[in-house]
Amino acid sequence: MGSIQRRIGLALLISLLLAGGLLAQGSLWLFDRGLRNYLQSDLRDEAESLLRAIVRKQSGVQLEAQTVDPSFHRPYSGRYFLIDIDGQLWRSRSLWDHELGMPSSSGLQEQLQGGPQGQHLLVYCAPFKRQGLPVRICVAQDYNPVLQAFTRMQQFALGFGAGLLLLLLLAQRWAVRSALRPLEQVRQQLQQLEQGRRSALELVTVSELQPLVEQINQLLRHTESTLQRSRHALGNLGHALKTPLAVLFTLLQRDEFRAHEALRQSLHEQLLQVRKRLERELGRARLAGEVLPGAHFNCAEEVPALLDTLRMIHSRGLQLEWQGETGLRLPVDREDTLELLGNLLDNACKWAAARVQLTIQAQQQAYVLQVEDDGPGIEASEREQVLQRGSRLDEEVAGHGLGLAIVRDIVDSWGARLTLTQSPLGGLCVRIELPRKAA
Amino acid sequence: MRLLLVEDSVELADSLLAELGRHGYAVDWLADGRDAAYQGISEPYDLIILDLGLPGRPGLEVLREWRGKGSNTPVLILTARSSWAERIEGLKAGADDYLSKPFHPEELLLRIQALLRRANGLSNQPELVVGGLQLDESEQRVSLNGQQVELTAAEFRLLRYFMLHNGQLLSKSQLSDHLYDGESERDSNVLEVLVNRLRSKFGKAVIETRRGQGYRFVGVR
């Protein structure tokens, strides 16, 4: 998964490097051109003054030393000349023992020539006529100082450019981050929603995200109201079916039926089947499962009331306890969780001798819910069988044998894991691991 | 024991009235939440069986009103809404027990017995054992030192009330309030006759008479 921030940063870095590099190199090249053109006119003047210094004396044509610039006489001074006059080659004294080749072309030479002491020479050649003789004069100037200046300038530009680039990247990072802050807020809120720490998204201040947030909120409201409507409808359906069933159960106690015991028994059996099926399917249809992302179960608020209810139902002085971190919230629907814990604890209360304990823990990978009792427990060999669907764990004590089946349904709808083990209290330990969702 | 049944299904109420009557309870029946809200605290009921889906006013609201007005009559909620979330809500509103429909009549009778014993400070045992007598409420039989003693339905009702209020002074009007439903004829002579019949079966000292005040069950010495 790429981040928008990184992508924008990378694109900016590449374009800045390309543009900056081209600009710096291009301006250096233009500057070099301009400088050489400027030096060319100097060198031409130089060549012309050398031409004027060629005079005819009694001994022949010669160069008048006094009129020539003194730097031509100082060895390796950086200024040199070559004069080819009618096949005769004159070299400036400054060349000393360095052999400088006479270029064949005229004008400013494109290539710098190698000079003495590692110098790079800018060479200008021009053909003339003097005293009736063909003269070819080449003047050279050491270009090294300029090259060194260029190198310094390049280094400076590189350092400056790198600093500027860093500054720009930081500024861009800040700009992108502040532009993306609303997105980050929405992301955090979605995460809280997933963990059940909020039930709707807050409206953000940027117009681009507003419709998205509104749509999500609308969807949440819609899902929640659909769930409530269907729960309500199921409640009504249950009411409509269960009251007549209750009437039938009471009618079966009539003396008229007592006279036909076999008939009464078989009617009773069938009614039990209907009731069982009804409870199971209505129970299953009520489950929210993972429909609502904002759902949560606040342990400290809900568990004590549930335990009070169980103490009232099992009024035989059982010691009911629960342990959980303060402020612990499970990211699952409240009613589902109450149904799950209610059934497990109810079951434990039926079997317990004196103690039932509920433990809720938030671990690294999962939420762990444990219901333990000090009753007879279940043999390890029979636990697998008990876990099978529809198995009647609580067959021998009052109840419908439905508890564990509904628990299974809830556990499945959560994608959680149910295991039965031996409790340190002596009885059964039902352990449910609810995996944490990836943040 | 006088009970109030608040239930809007006529068929269920009919069959429950018959069943409860057979087990020696005097039962008044109401189908509307508004009537129940008034009558539930104006009459001296020993226990109220309350349906939640009532016409007029919702059952939970009626229950909250009773509790808000200081009534502590035991209330057993009888409802088709059987989820744990709804049970918790019911008990938070002040109910003492919760039975979901459909149910076995025996289950309802056991819950009523347990609630009445609890309300009168007795522990929950299969049989009511008070003052040397052992009362089997489902079979309506009593045994004294292991000897079965036969009881008529009226004697059973009175003896159960006495046993649940062991050692308490009970006036005649209080006794008739709790033994007969709102529509029965009340005749204090009938009570005297019944008390005397119980004395003849278990000994004269079993019930004391306080002249002008009423009776006190002290049990068999």
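The structure this text deals with has already been given above.
Quantities reported herein were computed from a predicted structural model and do not represent experimental measurements. (Residues numbered from 1 in each chain as written. Chains lettered and ligands numbered in written order. Predicted model: local features only at pLDDT ≥ 70, side-chain atom pairs only at ≥ 80, totals over all residues. Heavy atoms only, no water.)

> Please set out the overall build of chain A residue by residue, giving values where relevant.
In terms of regular secondary structure, chain A is built from nine helices and 15 strands. Evaluated residue by residue, chain A yields a buried proportion of 41% over its 439 residues. Considering only residue pairs separated by 6 or more positions, chain A has 60% of its internal contacts joining residues 24 or more positions apart. Per element, the accessible surface of chain A, about 24,400 Å² overall, is 55% carbon and sulfur. (Helix = DSSP H or I, 4+ residues; strand = E, 2+ residues; numbered from the N terminus. Buried < 20%, exposed > 50% of the residue type's maximum accessible area, 1.4 Å probe, protein only. Contact = heavy atoms within 4.5 Å. Areas by Shrake-Rupley, 256 points an atom, 1.4 Å probe, with all protein chains shown as cover.)

> Describe the overall build of chain B, listing the residues and the values that go with them.
The helix and strand inventory of chain B stands at eight helices and 12 strands. Taking all 221 residues of chain B together, 55% fall into the buried category. Pairs at least 24 apart in sequence give 57% of the contacts found in chain B among residues at least 6 apart. Summing over all exposed atoms, chain B offers an accessible surface of approximately 9,300 Å²; the carbon and sulfur share of this is 46%.

> So what's going on with helix H2 (residues 33–42) of chain B? Residues and values would help.
Residue and element names in this part refer to chain B. Those residues of H2 that sit buried are Gly33, Ala36, Ala37 and Gly40. Axial view of H2: buried residues confined to an arc of 105°, hence all on one face. Turned more than 90 degrees away from the buried face of H2, the exposed residues are Arg34 and Tyr38. Against the buried residues of H2 lie strand S1 (2–6), strand S2 (26–30), strand S3 (47–51) and helix H3 (59–68). Two or three places before Arg34, at the opening of H2, Asp32 has a side-chain oxygen 2.7 Å from that residue's backbone nitrogen. (Arc of directions from axis to C-beta. Polar contact = N/O pair within 3.5 Å; in protein donor to acceptor, adjacent residues only side chain to side chain.)

> With reference to specific residues and values, describe the packing of aromatic side chains.
All names here are of chain A. In this structure the tally under the stated criterion is four aromatic pairs over all chains. Ring plane angle 55° and centroid distance 5.6 Å describe the contact between Phe31 and Phe150, whose orientation is recorded as tilted. One end of the pair, Phe31, is in helix H1 (residues 4–52); the other, Phe150, is in helix H2 (residues 144–194), and 119 residues separate them in sequence. Consider the rings of Phe72 and Phe81, whose centres lie 5.0 Å apart with planes at 70°: the pair is edge-to-face. The cationic tip of Arg79 hangs over the ring face of Phe72; the distance from NZ or CZ to the ring centre is 5.7 Å. (Phe/Tyr/Trp six-rings, centres within 6.5 Å; stacked < 30°, edge-to-face > 60°. Lys NZ or Arg CZ within 6 Å of the ring centre and 35° of its normal.)

> Explain the sheet that holds strand S10 (residues 319–324) of chain A to me, and be specific about the residues and the numbers.
All names here are of chain A. The strand order across the open sheet built from five strands is S10-S12-S13-S15-S14, with neighbouring strands paired in mixed fashion. Since the sheet does not close on itself, it has two edges, and those belong to S10 and strand S14 (417–422), each with one partner. Taken pair by pair, the neighbouring strands of this sheet meet at an average axis angle of 15°, ignoring direction. Relative to strand S15 (residues 428–435), strand S13 (residues 366–373) is paired through seven bridges, and the arrangement is antiparallel. In the sheet register, Leu369 faces S15, and the bridge partner there is Ile432. The sheet contacts of helix H6 (residues 299–313) involve S10 and strand S12 (355–362), and relative to S10 the element is tilted by about 170°. The strands touched by helix H7 (residues 334–351) are S10, S12, S13 and S15; relative to S13, the strand with the most contacts, the crossing angle is about 25°. (Pairing = 2+ DSSP bridges. Axes fitted to C-alpha atoms, helices over the stretch in contact; angles between N-to-C directions.)

> Which residues make up the packing of H6 of chain A against H7 of chain A, and what values go with them?
All names here are of chain A. Running from amino to carboxyl end, H6 crosses H7 at an angle of 40°, the nearest separation of the two axes being 10 Å. Considering their axes alone, H6 and H7 lie oblique with respect to each other. The way H6 lies across H7 gives a crossing that is right-handed. In this structure, H6 uses Glu302, Leu306, Leu307 and Leu310 to contact H7, whose residues at the interface are Arg334, Leu338, Leu341, Gly342, Leu345, Asp346 and Cys349. Across the contact of H6 with H7, the residue classes tally to seven nonpolar, one polar and three charged. (Parallel < 35°, antiparallel > 145°, perpendicular 65-115°, else oblique. Left-handed = near helix turned anticlockwise from the far one by under 90°. Nonpolar A, V, L, I, M, F, W, Y, C, P; charged D, E, K, R; others polar.)

> Give me the state of the cysteines: which residues, what numbers.
Each disulfide is one covalent bond, formed between the sulfur atoms of two cysteines. All names here are of chain A. Counted according to the given criterion, the structure contains one disulfide over all chains. Here Cys125 connects covalently by a disulfide to Cys138, the sulfurs 1.9 Å from one another. Taking the torsion about the S-S bond as the criterion, the Cys125 to Cys138 disulfide, at about 105°, is right-handed. Linking Cys125 in strand S7 (residues 120–130) with Cys138 in strand S8 (residues 133–142), this pair joins segments that are 13 residues apart in sequence. Neither Cys125 nor Cys138 differs from the other in exposure class; each is buried. (Disulfide = S-S within 2.5 Å.)

> Can you explain the nonpolar core? Please cite residues and give values.
Membership of the largest hydrophobic core comes to 50 residues, with the highest contact counts inside it found for Tyr25, Ile112, Leu158, Leu159, Phe162, Phe202 and Phe217 of chain B. If you tally residues by element for this core, the top one is helix H6 (residues 153–164) of chain B, at seven residues. Per-domain counts for this core show at least three residues from each of domain 1 (2–119) and domain 2 (128–217) of chain B. Every residue in contact with Phe202 of chain B, bar those within four places of it in the chain, is listed here: Leu133, Val142, Leu144, Val149, Leu151, Leu159 and Val220 of chain B. By size, the runner-up hydrophobic cluster in this structure holds 46 residues, among which are Ala305, Tyr367, Ile406 and Val407 of chain A. (Core = buried A, V, L, I, M, F, W, Y, C linked by side-chain atoms within 4.5 Å. Domains from an automatic or database assignment.)

> Outline the side chain of Arg199 of chain B, listing residues and values.
Residues and elements named next belong to chain B. Mapped onto the fold, Arg199 is located in helix H8 (residues 188–202). Among the polar contacts listed, one links the side chain of Arg199 to the side chain of Thr209, at a separation of 2.4 Å. For Arg199, the residues in contact, after removing those within four places along its chain, are Lys204, Val206, Ile207, Glu208, Thr209 and Tyr215.

> Which residues make up unusual backbone geometry, and what are the values?
Cis geometry marks the peptide bond from Lys101 of chain B to Pro102 of chain B; its omega dihedral reads -10°. At Tyr76 of chain A, a residue that is not glycine, the phi angle is positive and equals roughly 55°. By the element assignment, Tyr76 of chain A lies in the loop between strand S2 (60–63) and strand S3 (79–85). Here Tyr76 of chain A falls in the partly exposed class, since its relative accessible area comes to 23%.

> Now, about the pattern of salt bridges: what can you tell me, with residues and values included?
In total, this model carries 41 salt bridges over all chains according to the counting rule given. Between Glu65 of chain B and Lys69 of chain B there is a salt bridge; the shortest N-O distance is 3.1 Å. Judged by its relative accessible area of 55%, Lys69 of chain B is exposed. Linked by salt bridges that have partners in common, Arg231, Arg286, Asp333, Glu335 and Asp336 of chain A make up one network. (Salt bridge = Lys/Arg side-chain N within 4 Å of Asp/Glu carboxyl O.)

> I'd love a proper account of the interface of chain B and chain A, names of residues and values included.
Chain B puts 33 residues into the contact, and the matching count from chain A is 35 residues. Here chain B and chain A share an interface that buries about 2,900 Å² over both sides, 61% of which is from carbon and sulfur atoms. Taken together, the links from chain B to chain A amount to zero salt bridges. If you look at where chain B meets chain A, you find nine residue pairs in polar contact (both at pLDDT 80 or more). If you list the elements that add at least two residues to the side of chain B that touches chain A, you get helix H1 (10–22), helix H4 (84–92) and helix H5 (105–119) of chain B. Residue contributions to the side of chain B that touches chain A peak at seven residues, all from H4 of chain B. By residue class, the composition of the side of chain B that touches chain A is 11 nonpolar, seven polar and 15 charged. (Buried area = accessible area lost by both parts, 1.4 Å probe.)

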